[in-house]
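# Secondary and tertiary structure notes
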Amino acid sequence: MSEVRDIEIKTRELGVTFQDNAGRDVTALTGVNLEIYKGEFITLLGPSGCGKTTLLRSIADLQKPTTGDVHIQGMTPKEVRLQQKFGFVFQQPVLFDWRTVKKNVELPMEIMGYSKGERSDRADEMLEMVGLKDFANHYPNQLSGGMQQRANIARAFGLDPDILLMDEPFSALDEFTKEKLHEDLLRIWRATNKTILFVTHNIQEGVFLSDRVCVLSPHPGRLSAIVDIDIERPRTLEVKESSYFNELVTKVRNSFEGGSV
Amino acid sequence: MKEKFEVLTNKKWFSSLLWILLLIIAWEVGAFVVANTKRIPENVLPHLYQIIIAGFSTDKVTGDMTATQAVLSSAAQTLLRGFLGFVLGAAIGFVFALVMKMSGVLEKVLFPYLMLIQLIPVLGLAPIVLAITGDINVSRVIIAAILSFYPVATNTLAGFKSVEKEKYDLMFICAAKPHVIYTKVLIPAALPYFFTGLKIAAPMAVTASILVDTLQGDGGLGCLLSQSLKHAMSIYVFWLIVFFSAFVGILVGKVIGWIEYGVSPWKRRA
Ligand SMILES: Nc1ncnc2c1ncn2[C@@H]1O[C@H](COP(=O)(O)OP(=O)(O)OP(=O)(O)O)[C@@H](O)[C@H]1O
Ligand SMILES: [Mg+2]
């Protein structure tokens, strides 16, 4: 990690303040300074309500910062969004009832003007990856919650975006599917050189996947530590048994301010 | 025994049968009561068998038509006007919903007027519309349209509003153009609501066209209906019309249901 790397995303003194129903200010995020390199796999880790989703949304232009700003490849989030460079996996699966699973995966590609054949091929490929090949022609209401979330993930991947923002994509999945998707995610990431921002509150997951784990703390939401995960890649599931892995997990756990997760 | 009964009550045909049976009993009780209290030549609430006989009777009720012929020939005019009004109203209702969705200002301006039009009774509306259009047939179509329009517009608008924030967020991330959001998200999402509007509007269009007939004369089911009620014609004609309109109402509801089923495959659960 000694070579000079391009910074892809840079936040400067980023802060977001919401108003609650009583009109009081809720500081969801304050003073976040973060530099993310191109092709890096970053995890945002922290307890519920510490502003992980808010940070992701600010980067994706879904949330206007109250203070500070975000720069991506020297552009504003809006410019990057208009160039259709973001992929976003929402915390809840956002599926369209009237479209089959495959047509759901194809939707963003339709919007971005992919040809019919390309759409279909890519959708098949993505569904194969998340293990939904046999359910391509089912409707979302015929799927279990975990299957819906996998369709959601397949859709974000189908676009082949430069920057993939994933908000707790795997938290609704069973352990087996999760581990398989971890490996798939790392494989695709290596093959495509995407920048990935991954939100989770599972420390092991964050350590296993990432180059760096950003630890956020609540009240007010802030970036309290960044832990380098210098485990060699490619990583296999055995890595989780190693003592170094567990050392890093402990290190991340100890870096939370205001108690453990 | 109890279990068997439960199995039976779960069957659709059984509940329909039970429902019809109860209706017949209530009807016949009513017919007997009315027959004993009123002393007019024709009972206003005849027995069901009398109505059925009247339906198949070959006696002429008007110049050269039997009761059934008279009903069916007037029905053609009335239903055609009702249908035209319904289609027109549904189309305008959909467009209004779309316009109100696109512009919050227009929604605030238009919505109170729509409710106001809806509040004017048909009896008051009919002469006004007739005075404006000057043509009795056109005015009837328009009244059917006005009545169909409101449930379609409000339901469709509710459908547009049912789209969750997350779906907009997804479209936003994809940098989708507004027309794409309409065609790919909003309109498909509103479709079931639109059909609900149609199901409410259709019987209203039929009822409205019959009602307007009674006011303005000049042929149609309503005309026949009022003649029959005034004893200018057999009272059975009145009841034939009532049953006929009820049948048409149910049929139209079913047809709309089939169309909806046809265009929304995701509702057919595996
Ligand atoms: N639209 C909003 N309006 C008002 N307050 C909000 C809004 N969105 C988030 N908040 C508040 O901001 C804080 C951070 O929310 P955020 O959704 O970013 O947390 P999170 O870290 O993603 O939590 P979780 O792990 O539960 O998803 C919370 O206190 C929340 O109540
Ligand atoms: Mg969140």
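Residues numbered from 1 in each chain as written. Chains lettered and ligands numbered in written order. Predicted model: local features only at pLDDT ≥ 70, side-chain atom pairs only at ≥ 80, totals over all residues. Heavy atoms only, no water.

### With respect to the coordination of the magnesium ion (ligand 2)
All names here are of chain A. Our working rule: Shown as donors are all N, O and S atoms within 2.8 Å of a metal ion, widened to 3.2 Å for Na, K and Ca; because water is not in the atom set, sites may appear incomplete. Secondary structure is summarised from DSSP: a helix means a run of H or I of at least four residues, a strand means a run of E of at least two, and numbering begins at the N terminus for each. Think of it in three bands: residues with accessible area under 20% of the maximum for their type are buried, residues over 50% are exposed, and the middle band is partly exposed, with areas taken using a 1.4 Å probe on protein chains only.
The protein atoms donating to the magnesium ion (ligand 2) are Thr53 (OG1) and Gln91 (OE1), with metal-donor distances spanning 1.9 to 2.5 Å. A residue pair is termed long-range when its members are at least 10 positions apart, and Thr53 in helix 1 (residues 52-59) and Gln91 in the loop between strand 5 (86-89) and helix 3 (101-111) qualify at 38 residues. With a relative accessible area of 34%, Gln91 lands in the partly exposed category.

### Comments concerning the interface of chain B and chain A
The criterion, for reference: What makes two residues a contact is simply this: any of their non-hydrogen atoms within 4.5 Å. Defined here as a combined quantity, buried area equals the accessible surface (1.4 Å probe) lost by two parts on assembly, summed across both. Each salt bridge in this description consists of a side-chain nitrogen of Lys or Arg and a carboxyl oxygen of Asp or Glu lying within 4 Å of one another. Side-chain atoms alone can form a polar contact between residues adjacent in sequence; in general such a contact is a pair of N or O atoms within 3.5 Å, and within protein one must be able to donate a hydrogen while the other accepts it.
The partner chain A presents 25 residues to the 21 residues of chain B that form the contact. Taken together, the two surfaces of chain B and chain A that pack against each other cover about 2,200 Å², and 70% of this comes from carbon and sulfur. Here chain B and chain A share two salt bridges between them. In this structure, the connection of chain B to chain A is made through five residue pairs in polar contact (both at pLDDT 80 or more).

### Concerning the layout of surface pockets
Empty space among the atoms becomes visible once a probe the size of a water molecule is rolled across them. Residues and elements named next belong to chain B. The criterion, for reference: Buriedness of a pocket was judged along seven lines, with at least five required to meet protein on both sides within 12 Å; pockets are open sets of points on a 1 Å grid over the protein atoms alone, cavities are sets where a 1.4 Å probe fits but cannot get out, and lining residues have an atom within 4 Å of a point. Grid points are joined across faces, edges and corners, and a volume is the space filled by probe spheres set on the points.
When its volume is computed, the largest pocket comes out at roughly 390 Å³. If you go around the largest pocket, the residues you meet are Ser16, Trp19, Ile20, Leu23, Ile24, Trp27, Leu48, Phe243, Ala246, Phe247, Ile250 and Lys254. Elements represented by at least two residues in the lining of the largest pocket include exactly helix 2 (12-37) and helix 11 (235-263). Here the lining of the largest pocket gets six residues from one element, more than from any other, and that element is helix 2.

### Here's the deal with empty space enclosed by the protein
The criterion, for reference: Residues are grouped as follows: nonpolar covers Ala, Val, Leu, Ile, Met, Phe, Trp, Tyr, Cys and Pro; charged covers Asp, Glu, Lys and Arg; every other residue, Gly included, is treated as polar.
This model, assessed by the stated rule, comprises one cavity of 30 Å³ or more. If you add up the space inside the largest cavity, you get close to 60 Å³. When contributions to the lining of the largest cavity are tallied by element, the ones reaching two or more residues are strand 5 and helix 5 (145-158) of chain A together with helix 8 (165-173) of chain B. Of the residues that constitute the lining of the largest cavity, the class distribution is eight nonpolar, two polar and one charged.

### Regarding the site of ligand 1
Residue and element names in this part refer to chain A. Counted only if it meets this: Each residue is tested against the molecule or strand, and it is near if at least one of its non-hydrogen atoms lies within 4 Å. Surface accessibility follows the Shrake-Rupley procedure with a 1.4 Å probe radius. Residue values consider only the protein chains on display as shielding.
Looking at ligand 1, the residues that line it are Phe18, Ala28, Ser48, Gly49, Cys50, Gly51, Lys52, Thr53, Thr54, Gln91, Glu168 and His201. In this structure, Cys50 approaches ligand 1 through a main-chain N or O atom, which is 3.3 Å from an oxygen atom. One nitrogen or oxygen atom from the side chain of Gln91 is found 3.0 Å from an oxygen atom belonging to ligand 1. Protein chains bury 63% of the 640 Å² of accessible surface belonging to ligand 1 in isolation. The element contributing the most residues to the shell around ligand 1 is helix 1, with three residues.

### What about the pattern of salt bridges?
The final tally for this structure, using the stated rule, is 22 salt bridges over all chains. Residue A:Asp61 pairs with A:Arg81 through a salt bridge whose shortest N-O separation is 2.8 Å. Of this pair, A:Asp61 sits in the loop between helix 1 and strand 4 (67-72) while A:Arg81 sits in helix 2 (residues 77-82), placing them 20 residues apart in sequence. Note on accessibility: A:Asp61 and A:Arg81 belong to one class, buried. Among the salt bridges present, the one from A:Lys103 reaches A:Glu106, with a minimum N-O distance of 3.7 Å. Of the two residues, A:Lys103 and A:Glu106 are both situated in helix 3; the distance of three residues between them amounts to about one turn of the helix. Because the salt bridges share partners, they merge into one network encompassing A:Arg57, B:Lys165 and B:Asp169.

### A few points about unusual backbone geometry
Residues and elements named next belong to chain A. Of note, the bond from His219 into Pro220 is cis; its omega dihedral lies within 30 degrees of zero at -10 degrees. Mapped onto the elements of the fold, Pro220 is located in the loop between strand 8 (212-217) and strand 9 (222-228). Following Arg233, the chain continues to Pro234 via a peptide bond in cis, the omega torsion being -5 degrees. Inspection of the secondary structure puts Pro234 in the loop between strand 9 and helix 8 (243-254).

### Here's the deal with the packing of aromatic side chains
This is how it is decided: Note on ring pairs: Phe, Tyr and Trp rings are taken, using the six-membered ring of Trp, and paired if centres are within 6.5 Å. Classes follow the plane angle, with under 30 degrees stacked, over 60 edge-to-face and the rest tilted. For a Lys NZ or an Arg CZ to count as sitting over a ring, it must be within 6 Å of the ring centre and within 35 degrees of the ring normal.
Applying the stated criterion to the full structure yields 13 aromatic pairs over all chains. Summarising the aromatic geometry, the rings of B:Trp27 and B:Phe243 are spaced 5.4 Å apart at their centres and angled 40 degrees between planes, so their arrangement reads as tilted. With B:Trp27 in helix 2 and B:Phe243 in helix 11, the pair connects residues that are 216 residues apart, well separated along the chain. Their ring planes at 70 degrees and their centres at 5.9 Å tell us that B:Phe194 and B:Phe195 sit as a pair that is edge-to-face. Assessed through its relative accessible area of 15%, B:Phe194 is described here as buried. Among the aromatic residues, ring-to-ring pairing joins A:Phe41, A:Phe170, A:Trp189 and A:Phe198 into one connected group. Between the NZ or CZ atom of A:Arg81 and the centre of the ring of B:Phe172, over which it lies, the distance is 3.5 Å.

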